[in-house]
Number of protein chains: 4
Amino acid sequence: MQAPQDTKPRWERRKDARPQELLAAALDQFVERGYAATRLEDVAKHAGVSKGTLYLYFTNKEELFKAVVRESIVATIGQAEQDAAVFEGSSSELLRALLMRWWDQICATPIAGVTKLMLAEGHNFPELVKFHNEEVVARGSALITGVLQRGIASGEFRPVDPAVMTQVLIAPVMMLMMWTRSFMPACQMPPVDPHVFLDTFISTTLVGLEAPKP
Amino acid sequence: MQAPQDTKPRWERRKDARPQELLAAALDQFVERGYAATRLEDVAKHAGVSKGTLYLYFTNKEELFKAVVRESIVATIGQAEQDAAVFEGSSSELLRALLMRWWDQICATPIAGVTKLMLAEGHNFPELVKFHNEEVVARGSALITGVLQRGIASGEFRPVDPAVMTQVLIAPVMMLMMWTRSFMPACQMPPVDPHVFLDTFISTTLVGLEAPKP
Amino acid sequence: MQAPQDTKPRWERRKDARPQELLAAALDQFVERGYAATRLEDVAKHAGVSKGTLYLYFTNKEELFKAVVRESIVATIGQAEQDAAVFEGSSSELLRALLMRWWDQICATPIAGVTKLMLAEGHNFPELVKFHNEEVVARGSALITGVLQRGIASGEFRPVDPAVMTQVLIAPVMMLMMWTRSFMPACQMPPVDPHVFLDTFISTTLVGLEAPKP
Amino acid sequence: MQAPQDTKPRWERRKDARPQELLAAALDQFVERGYAATRLEDVAKHAGVSKGTLYLYFTNKEELFKAVVRESIVATIGQAEQDAAVFEGSSSELLRALLMRWWDQICATPIAGVTKLMLAEGHNFPELVKFHNEEVVARGSALITGVLQRGIASGEFRPVDPAVMTQVLIAPVMMLMMWTRSFMPACQMPPVDPHVFLDTFISTTLVGLEAPKP
DNA sequence: GATGAATGAGAATTCATTCAT
DNA sequence: TATGAATGAATTCTCATTCAT
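Bear in mind the structure is a predicted one, so any value in this text is a computation, not a measurement.

A. Molecular detail of the interface of chain C and chain D. Opposite the 47 residues of chain C that make contact, chain D presents 47 residues. Counting every contact that joins chain C to chain D gives zero salt bridges. The tally of links from chain C across to chain D stands at one residue pair in polar contact (both at pLDDT 80 or more). Among the secondary structure elements, those contributing two or more residues to the side of chain C that touches chain D are α2 (20-33), α7 (112-121), α8 (126-153), α9 (162-187) and α10 (194-209) of chain C. Element by element, the count of residues in the side of chain C that touches chain D is highest for α9(C), at 17 residues. Of the residues that constitute the side of chain C that touches chain D, the class distribution is 31 nonpolar, ten polar and six charged.

B. Structural context of the UniProt feature "DNA-binding region" (unreviewed entry) in chain A. Look at the UniProt record and you will see "DNA-binding region" (unreviewed entry) annotated at residues 39-58 of chain A. Taken end to end, residues 39-58 of chain A is 75% helix and 0% strand, and its two terminal C-alpha atoms sit 15 Å from one another.

C. A look at the packing of aromatic side chains. Applying the stated criterion across every chain, the model contains 24 aromatic pairs over all chains. Between the aromatic rings of F65(B) and F125(B), the centroid separation amounts to 4.7 Å while the plane-to-plane angle is 35 degrees, which identifies the pairing as tilted. In this pair, F65(B) is assigned in helix α5 (residues 61-86) and F125(B) in the loop between α7 (112-121) and α8 (126-153), connecting sequence segments 60 residues apart. The same class applies to F65(B) and to F125(B), which are both buried. Ring centres of W179(B) and F197(B) lie 6.2 Å apart, and the angle between their planes is 85 degrees; on these two criteria the pair is classed as edge-to-face. Of this pair, W179(B) sits in helix α9 (residues 162-187) while F197(B) sits in helix α10 (residues 194-209), and the two are 18 residues apart along the sequence. Accessibility assignment for this pair places W179(B) and F197(B) in one class, buried. Sitting over the ring of Y35(A), K61(A) keeps its end group 4.8 Å from the ring centre.

D. The pattern of salt bridges, seen in detail. All chains considered together, the criterion is met by 35 salt bridges over all chains. We note a salt bridge from K66(B) to E127(B), for which the minimum N-O separation is 2.9 Å. With K66(B) in helix α5 and E127(B) in helix α8, the pair connects residues that are 61 residues apart, well separated along the chain. On the accessibility criterion, E127(B) (40% relative accessible area) is partly exposed. Each of E62(A), E63(A), K66(A) and E127(A) takes part in salt bridges that share partners, so that together they form one network.

E. Just the side chain of R18(D), in detail. Within the secondary structure, R18(D) is located in helix α2 (residues 18-33). Here R18(D) falls in the buried class, since its relative accessible area comes to 12%.

F. Representation of helix α11 (residues 194-209) of chain A. Residues and elements named next belong to chain A. Along its 16 residues, α11 runs 22 Å from first to last C-alpha, staying within 8% of the 22 Å computed at 1.5 Å per residue. Turning to α11, its buried residues are P194, F197, L198, T200, F201, I202, T204, T205, L206, G208 and L209. For α11, the N-terminal cap is D193; the gap from its side-chain oxygen to the backbone nitrogen of H195 is 2.9 Å.

G. Seen up close, the interface of chain A and chain B. Each side of the interface is counted separately: chain A has 47 residues, and chain B has 47 residues. Counting the surface lost from both chain A and chain B, the interface buries some 4100 Å², and carbon and sulfur atoms represent 77% of this. Between the two partners, chain A and chain B, sit zero salt bridges. In this assembly, chain A and chain B are joined by two residue pairs in polar contact (both at pLDDT 80 or more). Of all the elements in the fold, those that place two or more residues in the side of chain A that touches chain B are α2 (18-33), α8 (111-121), α9 (126-153), α10 (162-187) and α11 of chain A. By residue number, the principal contributor to the side of chain A that touches chain B is α10(A), which donates 17 residues.

H. How the structure looks around the nonpolar core. Residues L95(C), L64(D), L95(D) and L198(D) are the most contacted members of the largest nonpolar core, which totals 101 residues. With residues up to four places along the chain from it excluded, the contact list for L64(D) reads L23(D), A26(D), F30(D), L40(D), V43(D), L54(D) and F58(D).

I. Examining the confidence of the model for chain A more closely. The pLDDT averaged across chain A works out to 84; a share of 84% of its residues lies at or above 70. Predicted confidence for residues 1-13 of chain A stays below pLDDT 50, and this span has four contacts to residues more than four positions away or in other chains.

J. Up close: the relation of the copies chain C and chain D. Of the transformation superimposing chain C on chain D, the axial component is 0.0 Å and the angular component is 180 degrees, with the fit at an RMSD of 0.4 Å. Between the two chains, the operation in question is that of a two-fold axis. Of every C-alpha in chain C, the one belonging to G208(C) sits nearest the axis of rotation, 2.1 Å from it. Most of the interface of chain C is mirrored in chain D: 100% of its interface residues are interface residues there too.

K. How the structure looks around the relation of the copies chain A and chain B. Between the two copies, chain A and chain B, the superposition gives an RMSD of 0.4 Å; the rotation angle is 180 degrees and the shift along the axis is 0.0 Å. The overlap is high: 100% of the interface residues of chain A also sit at the interface in chain B, so the same surface is used on both sides.

L. Inspection of the packing of helix α7 (residues 91-107) of chain D against helix α11 (residues 194-209) of chain D at higher detail. Residues and elements named next belong to chain D. For the pair α7 and α11, interaxial distance at closest approach is 11 Å and the crossing angle is 155 degrees. Put simply, α7 runs roughly antiparallel to α11. Of the two possible hands of crossing, α7 and α11 adopt the one that is right-handed. Along the contact surface, α7 presents S92, L95, R96, L99, M100, W103 and D104, while α11 presents P194, H195, L198, D199, F201, I202, S203, L206 and L209. Partitioning the contact of α7 with α11 into residue classes produces ten nonpolar, three polar and three charged.

Rules used throughout
- Residues numbered from 1 in each chain as written.
- Chains lettered and ligands numbered in written order.
- Predicted model: local features only at pLDDT ≥ 70, side-chain atom pairs only at ≥ 80, totals over all residues.
- Heavy atoms only, no water.
- Contact = heavy atoms within 4.5 Å.
- Salt bridge = Lys/Arg side-chain N within 4 Å of Asp/Glu carboxyl O.
- Polar contact = N/O pair within 3.5 Å; in protein donor to acceptor, adjacent residues only side chain to side chain.
- Helix = DSSP H or I, 4+ residues; strand = E, 2+ residues; numbered from the N terminus.
- Nonpolar A, V, L, I, M, F, W, Y, C, P; charged D, E, K, R; others polar.
- UniProt positions renumbered as here; feature names shortened; annotations may be inferred.
- Phe/Tyr/Trp six-rings, centres within 6.5 Å; stacked < 30°, edge-to-face > 60°.
- Buried < 20%, exposed > 50% of the residue type's maximum accessible area, 1.4 Å probe, protein only.
- Lys NZ or Arg CZ within 6 Å of the ring centre and 35° of its normal.
- Expected span 1.5 Å × (residues − 1).
- Buried area = accessible area lost by both parts, 1.4 Å probe.
- Core = buried A, V, L, I, M, F, W, Y, C linked by side-chain atoms within 4.5 Å.
- pLDDT = per-residue confidence, 0-100.
- Least-squares fit on C-alpha atoms with pLDDT ≥ 70 in both.
- Axes fitted to C-alpha atoms, helices over the stretch in contact; angles between N-to-C directions.
- Parallel < 35°, antiparallel > 145°, perpendicular 65-115°, else oblique.
- Left-handed = near helix turned anticlockwise from the far one by under 90°.

Printed below as a string of structure tokens:
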């Protein structure tokens, strides 16, 4: 109806987009079934190509998996860092904004599935876990730790250990991602709305973090 | 013809004869490698028996997996309920005690791996997820929800939504289990001591839960 | 409809346009790796063309192989016959000249590899073996048998069976080709210089052939 | 009819013999089709077992191939050395006996096929070529060289270079093996009887070797 | 009960061949 | 003519499952 390039034959039209299509299909399958249980034939089918085509772009299953993880990670990281750099409100507000935005931007994004993959399959791909830790966990943690330090320095927060508190703040968000990817599709667990969960968690924690009024 | 226990479901029928070693070895392998990547030959080797022997006790790989999960779950859940029933201190103290004991009794044990299995493999075993939710998540949640309700009723806690707050309280402990099982062996992440993490998390949250002094 | 040369067999019809580079590259690969292990992509790469181009000149892998063999064979055999026809010296000298020239003209050339191919792969290509026997083995043998018959008739040689003695004379030269193509690249075997080998072999055999002095 | 152990089930009866049966079937197929063109399923079928059984005994195709070569070589070598050690006749007679016996014992034996394999596939298995050279070619050559040296020392033979003459003596026998394995099944080439060929070759060469009567 | 040799369905991978450009 | 992306049949290899002892 609309664009003339849609009349190009499938073969040509997709040439450039192929790798991305393959990676997207592969990510879906890996997240849904796990690494070992994912059949390359299914990945190919979901990408609308034949088995052999996968091997034109990726050496083998393991390399495809690594590419999926790396690609998803690289494509996402960086955004949050930019957001944090320009923020001007109080530390509490920044913390809330960061966690909320993290959720919104990551759950709408394949990287949420990558987190599940890393937790579920990490044992068999230590290099990937290392990469994921450095590129995602460490950078995300640094962001939050920085806000905590700023809030403590300004007297807005109690003098907690920023490193530990960073973990405490990250854990529920990650868990929410896992729940969303794992239990909810199967069993409606947890049955709460993600935003309600996050709001309750953040509000409670921020109260707990608040420096006592003298 | 013979014994009335023959009418029990298969996985339970053989319970008496079923060596715990098989289940322990299977749990180890499933947690370490994931369901699909676990080879029954390895399970047998780790249990010190032959491959064929596994089939004397379990119909097939899937039933073995289910037995592992069920067995671990059933063995754990009753204890916490008893503990909670007889506790007499404040709701805050009970909450702290419950979460700490949960950690100590589950993470000191290979059973914690079941949580990882459920999150990682749940998609392929919906019945197990359902079972796990009913026998573990629901009962554990009810315990915590009860304490919250008691604290709110007594004016010790703010009037939060007990169901949501229950999730908020559970998530960090589960995440800690995942981290311990997944990232730490590979990459020393998170580098904090579990008890410090839990103490920080619980203390902060309890302050946040505390009803404001009038 | 068009040209009478369309009635020629396919492998010959395209002879004019068929780049010798394709055949040369294919010969190299077939000799080095064997028929089955040779990948058409490698042949194409060595010839500096794309995979598809091969199919413009050869129906399929098997036809390419046959063309390689036929082309090499046809290019070689006529020369020796001409040489022999005009020779004027003694039978001994002719024999030595023929064998030496065979060696020099064939072993200095990749065409020698065809012999290896025939011995190694002949089982799977009986028509080719037949062709090779008729066009190379039979004609070459006839040449040598003729010289033997002439020498026996003139009293220069003992009255041996010319057919058998022909085989005896051919075998070491073929073996030398095989050694050169197979063992020497891998393992320096045999460590003797080809010309020394041939000279020793021919000299010894000619003494053995010599009619006893009365 | 005869032995009671024939009533044992196939499964048990063959347990010990399995590896040898597999190696024999594999040798047949490798010699007939070449390494790359041999399908393991065919090897299995010829051995009367299933595909999977091969992998109980050999890690993969390459290891099976290597085992075939090594086994055949080891099983054969040594016999000729014993024969030579006890021989007492003239050097000419010993030489004739060695070559004839070599032919008779090797052509009745799978090692003849191994020679073809080494010549045809050696390029892709350099370690095997090295092994074959050391265990078969070198030891066989040493045997013949020794006889030549003895004959030269005793004045029975002309003072030829023993190393080169050894190659000259070996080549026709190897070629005969190749012919027998490659061309004869397909095309009756060479059409001479092996013993006539050998006799003609040996007789002629021995005359050529003979020291001239003074 | 226990064993482990054997099986064969299933998954990964390769590569000759096609075909739209 | 020439290209090279795409295909899918064929092959290697794995591993859950069986079964004779």
